[in-house]
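Here's the letter readout for the chains.
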Amino acid sequence: MKHSRVRAARRAALRKAAQRGFEAADERLPAASGGRALLRKAFPEHWSFLLGELALYSFVVLLLTGVYLTLFFDAEMTQVRYHGPYEPLRGQLMSTAYASTLEISFEVRGGLLIRQIHHWAALLFAGSIGLHMLRIFFTGAFRKPRDVNWLVGMTLFVVALAEGFSGYSLPDDLLSGTGLRIAEGVMLSIPVVGTYLALFVFGGQFPGHEIIERLYPLHILLLPGLLIALVVVHLILVVYLQHTHFSGPGRTNKNVVGHAMVPQFAARSTGLFFMVAGVIGLLAAVAQINPVWDYGPYDPGKVSTAAQPDWYVGFLEGSLRLMPPFETTLFGHTLMWNVLVPAVILPGLMFSLLYAYPFFERWITGGDETPHVCDRPRNRPVRTALGAAGITFYGVLLLAGGNDVIADTFTVSLNGLTWAFRVALVLGPPAAYLLTRRLCLSLQERDAQRVSHGDETSWVRQSVEGTFSADHEQLSPSERYRLVAQRFPGPLEAPEGAGGPRRLRAALSHWYYRDAISPAWRTIGHQRERAHAAVSGAGRGSRQDVSEPRGTRRNESSPRGSRQQGAARRALSGRSGRTGKRIRTPRRR
Ligand code: HEM
Ligand code: HEM
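Residues numbered from 1 in each chain as written. Chains lettered and ligands numbered in written order. Predicted model: local features only at pLDDT ≥ 70, side-chain atom pairs only at ≥ 80, totals over all residues. Heavy atoms only, no water.

The name an unreviewed UniProt entry gives the protein chain is Cytochrome bc1 complex cytochrome b subunit, with Streptomyces reniochalinae as the organism. As recorded by UniProt, the Catalytic activity (unreviewed entry) comment attached to the protein chain reads in full: "a quinol + 2 Fe(III)-[cytochrome c](out) = a quinone + 2 Fe(II)-[cytochrome c](out) + 2 H(+)(out)". Reading the Subcellular location (unreviewed entry) entry of the UniProt record for the protein chain gives the comment "Cell membrane". (UniProt positions renumbered as here; feature names shortened; annotations may be inferred.)

Encoded structure:
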């Protein structure tokens, strides 16, 4: 009895102290308003929203392991003779950077594991950024007001690639030196300034004695600092603009539905962090990566066969390998198109297109609204097809980066393979575009059939006349709503007598929207329009909307409804106990 009274008094004192601390913070910082907004932030629970977090947590792993590596890595290029425990390299001349990488691998406690974790995390980081970007692209989550965040994200992408490249150049082994040699070649190919740029970067003739020492602060200070700052801005924008969400009962353009930051999202996200760290740790423990001792120290006169860069720079390697050997001599200077085009102009163009896409799409679709409900990729056939064409182009370049390995593995002619990739690079993207567009329309057709007739069951009926028919089961109201509540806007028209740019815009808009909706969807257009009115919040008066399931609550300001509606609401709008508590918060804009 006495003990429980003492414990209660202790708890009360603790609560009081915490409250005083919070009040003190609130007098100085926006702790109450900011904290409340953050705690009440709704996170959609669709798995694809975890890809951004995957990128975030692999970045955290990189930061932690990177700090450990800096304790032992020595970025000097002074030549030393190796006397360490790795027998095959004993007595060889090598840079201090390479020797210290060997030391980390063979002598520092846990060094090899941490190096491998660092490298695996870098691969996962680049991969998850790419997948995250594709999710944003295909669902249209880049549209206003998130277009600014798309720009921040793209910059993160570019800086991450630079960070990865500078990282794997640090050990100064034969593979990383070959990568730096290519980087020097690319710089040299830039007209007028190329020679000066290469001399400036390498501090003299390649490889010089400076490059590793120069890359080091870039890799451990400047670029990570920039990445951290950009990630912070990126996440502040995610919180401020709030997430998009996929269509479903109760999810409109005016609210955001998901799990609250605390406790559900925080618990799930912490779990994800440990899973990411655990999986990378496991990979690093069982799968060897970048065994620099096998490659040997860098020597400009040597090159290893079947050398492959980290996968995220493979597309550049591929574009260099596919480009035919064109060069021109102008006023006594050689223009190396075979390097300039694939390694400077092409990636510049690819990234510029990615940066500009949200603004281009907005221009041709005339989107003045702020869509917060994600698109189903099949319902935007042109965008989805463009994405598929882009992935095909990138994929061919990536595969071409390993053309020697593929030719060797499958014992096919290297030249024949290179020509096959060249043809695929030109014909693959248009083929992927046409195929994907068709596929999107077919998938729309299927959605429309499901809405009209329901899903086929495995039962077949035979009538007394002997005819057979498949049995159908009506879709659940929530599934039906999910499919029907999609927007299908129309193209822009150019006003009478409009000038060139506006006519071009209208023409592009027609291209974007032409045949963007399958004929079957048109027949259920009436239901669609009503459902869309519900999603955009325009049809607030029509509570018993045909398409929105009965009992779905749309009035944000009255959280309590009638008892009859309660059960349906819990099931359809996400308050069911099994999936945990969802919240819905009104959008700010
Ligand atoms: C996005 C962030 C980062 C990426 C993508 C990245 C990538 C890489 C890669 C691929 C390597 C080569 C690893 C190997 O030898 O197999 C490397 C090496 C290294 N990284 Fe990072 N890194 C990142 C952040 C950091 C940070 C924040 C630090 C330090 C604070 C750091 C410190 C180092 C050091 C010292 C090495 C050389 C050691 C070695 O190669 O064994 N890295 N990095
Ligand atoms: C270091 C790299 C990155 C990190 C750590 C990161 C992290 C995140 C996180 C955690 C979210 C919220 C959850 C989600 O929607 O997945 C998010 C959302 C977002 N990210 Fe990234 N991201 C990165 C790169 C990118 C890139 C490359 C792009 C696009 C080019 C991008 C564009 C966006 C957009 C537009 C949103 C808002 C999505 C929505 O509300 O549905 N991010 N990011």
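Okay, back to it.
Student: Residue-level account of the coordination of the iron atom of ligand 2, with values.
Tutor: Around the iron atom of ligand 2, the protein contributes the donor atoms H132 (NE2) and H234 (NE2), at 2.0 to 2.1 Å from the metal centre. Each of the six donor atoms around the iron atom of ligand 2 contributes to a set of angles spanning 86 to 179°, which defines the coordination as octahedral. Of this pair, H132 sits in helix α5 (residues 111–139) while H234 sits in helix α9 (residues 211–241), and the two are 102 residues apart along the sequence. In this structure, H132 and H234 share a single accessibility class: buried. (Donors = N, O, S within 2.8 Å, 3.2 Å for Na, K, Ca; no water. Tetrahedral: all angles 85-135°; square planar, octahedral: opposite > 155°, others 65-115°. Helix = DSSP H or I, 4+ residues; strand = E, 2+ residues; numbered from the N terminus. Buried < 20%, exposed > 50% of the residue type's maximum accessible area, 1.4 Å probe, protein only.)

Student: Just give me the short version of the site of ligand 1, but keep the residues and values in it.
Tutor: The environment of ligand 1 is formed by 27 residues, the closest being R115, H118, H119, H219 and N290. Take H219: an N or O atom from its side chain is 2.8 Å from a nitrogen atom of ligand 1. Within the contact set of ligand 1, an oxygen atom lies 2.9 Å away from a side-chain nitrogen or oxygen of N290. Listed by contribution, the elements that provide at least two residues to the shell around ligand 1 are α3 (50–70), α5, α6 (147–169) and α9. For the shell around ligand 1, the leading source of residues is α3, giving seven residues. Of the residues in the shell around ligand 1, the class split is 15 nonpolar, nine polar and three charged. (Near = heavy atom within 4 Å. Polar contact = N/O pair within 3.5 Å; in protein donor to acceptor, adjacent residues only side chain to side chain. Nonpolar A, V, L, I, M, F, W, Y, C, P; charged D, E, K, R; others polar.)

Student: Explain the packing of aromatic side chains residue by residue, including any values.
Tutor: Summed over all chains, the structure comprises 22 aromatic pairs. Residues Y86 and F106 carry aromatic rings whose centres are separated by 5.1 Å and whose planes lie at 5° to one another, so their mutual orientation is stacked. Placement of the pair is Y86 in the loop between β2 (79–81) and β3 (93–95) and F106 in helix α4 (residues 96–106), with a sequence separation of 20 residues. A ring pair is formed by F157 and F351, whose centres lie 6.1 Å apart and whose planes are at 80°; its orientation type is edge-to-face. Here F157 is found in helix α6, whereas its partner F351 is found in helix α13 (residues 337–365), with 194 residues between them in sequence. Each of the two residues, F157 as well as F351, counts as buried. Across the ring face of F49, the terminal group of R135 is positioned such that the distance to the ring centre comes to 4.0 Å. Lying across the ring of W419, R422 places its NZ or CZ 4.6 Å from the centre. (Phe/Tyr/Trp six-rings, centres within 6.5 Å; stacked < 30°, edge-to-face > 60°. Lys NZ or Arg CZ within 6 Å of the ring centre and 35° of its normal.)

Student: Outline the confidence of the model for the protein chain, supporting the account with residue identities and numerical values.
Tutor: Summarising the model, the protein chain shows a mean pLDDT of 87, and 90% of its residues fall at 70 or more. Ranking the helices and strands of the protein chain by mean pLDDT puts α5 first, with 98, and helix α21 (residues 563–573) last, with 43. The low-confidence segment residues 538–579 (pLDDT under 50) makes 66 contacts with residues lying over four places distant or belonging to another chain. (pLDDT = per-residue confidence, 0-100. Contact = heavy atoms within 4.5 Å.)

Student: I'd like a description of the site of ligand 2, backed by residues and values.
Tutor: Around ligand 2, the structure places 23 residues, and the nearest of them are F49, H132, R135, H234 and T244. One of the backbone nitrogen or oxygen atoms of F49 is found 3.0 Å away from an oxygen atom of ligand 2. Side-chain polar atom of T244 to an oxygen atom of ligand 2: 2.5 Å apart, as the coordinates give it. Those elements that place two or more of their residues in the shell around ligand 2 are α3, α5, α6 and α9. At six residues, the largest contribution of residues to the shell around ligand 2 is made by α5. For the shell around ligand 2, the residue count by class is 14 nonpolar, six polar and three charged.

Student: Got a sec to walk through the coordination of the iron atom of ligand 1? Specific residues and values, please.
Tutor: Coordination of the iron atom of ligand 1 by the protein is provided by H118 (NE2) and H219 (NE2), with metal-donor distances spanning 2.0 Å. Bound by six donor atoms, the iron atom of ligand 1 shows angles of 88 to 179° at the metal and therefore octahedral coordination geometry. Taken together, the residues H118 in helix α5 and H219 in helix α9 connect sequence positions 101 residues apart. Residue classification places H118 among the buried residues on the basis of a relative accessible area of 17%.

Student: I'd love a proper account of a negative patch on the surface, names of residues and values included.
Tutor: On the surface, D74, E76, E103, E107 and E213 cluster together into a negatively charged patch. In this structure, E107 sits in the loop between α4 and α5. (Patch = residues over 30% accessible without salt bridge, like charges linked within 9 Å, V, L, I, M, F, W, Y side chains within 5 Å. Areas by Shrake-Rupley, 256 points an atom, 1.4 Å probe, with all protein chains shown as cover. Salt bridge = Lys/Arg side-chain N within 4 Å of Asp/Glu carboxyl O. Lys, Arg positive; Asp, Glu negative; His and termini not counted. Charge placed at Lys NZ, Arg CZ, Asp CG, Glu CD.)

Student: Could you give me a rundown of the sheet that holds strand β1 (residues 42–43), with the residues and numbers involved?
Tutor: One key point about sheets: their strands pair by backbone hydrogen bonds, in either a parallel or an antiparallel sense. In space, the three strands of this open sheet follow the order β1-β4-β9, with antiparallel pairing throughout. Each edge of the open sheet is held by one strand with a lone partner, namely β1 and β9 (582–586). One ladder, built from five bridges, connects strand β4 (residues 255–260) with β9; its direction is antiparallel. Pairing of V257 across the sheet is with R584, part of β9. Sheet strands touched by helix α10 (residues 261–286): β1 and β4. Its angle to β4, the strand with the most contacts, is close to 70°. (Pairing = 2+ DSSP bridges. Axes fitted to C-alpha atoms, helices over the stretch in contact; angles between N-to-C directions.)

Student: Account for the packing of α5 against α10, with residues named and values stated.
Tutor: Where α5 meets α10, the axes come as close as 8 Å, and the angle between the chain directions of the two elements is 120°. With respect to α10, the axis of α5 lies oblique. α5 and α10 meet at a crossing whose hand is right-handed. Of the residues in α10, those in contact with L113, Q116, I117, W120, A121 and L124 of α5 are V276, I280, G281, L283, A284 and A285. Residue composition of the contact of α5 with α10, grouped by class: ten nonpolar, two polar and no charged. (Parallel < 35°, antiparallel > 145°, perpendicular 65-115°, else oblique. Left-handed = near helix turned anticlockwise from the far one by under 90°.)

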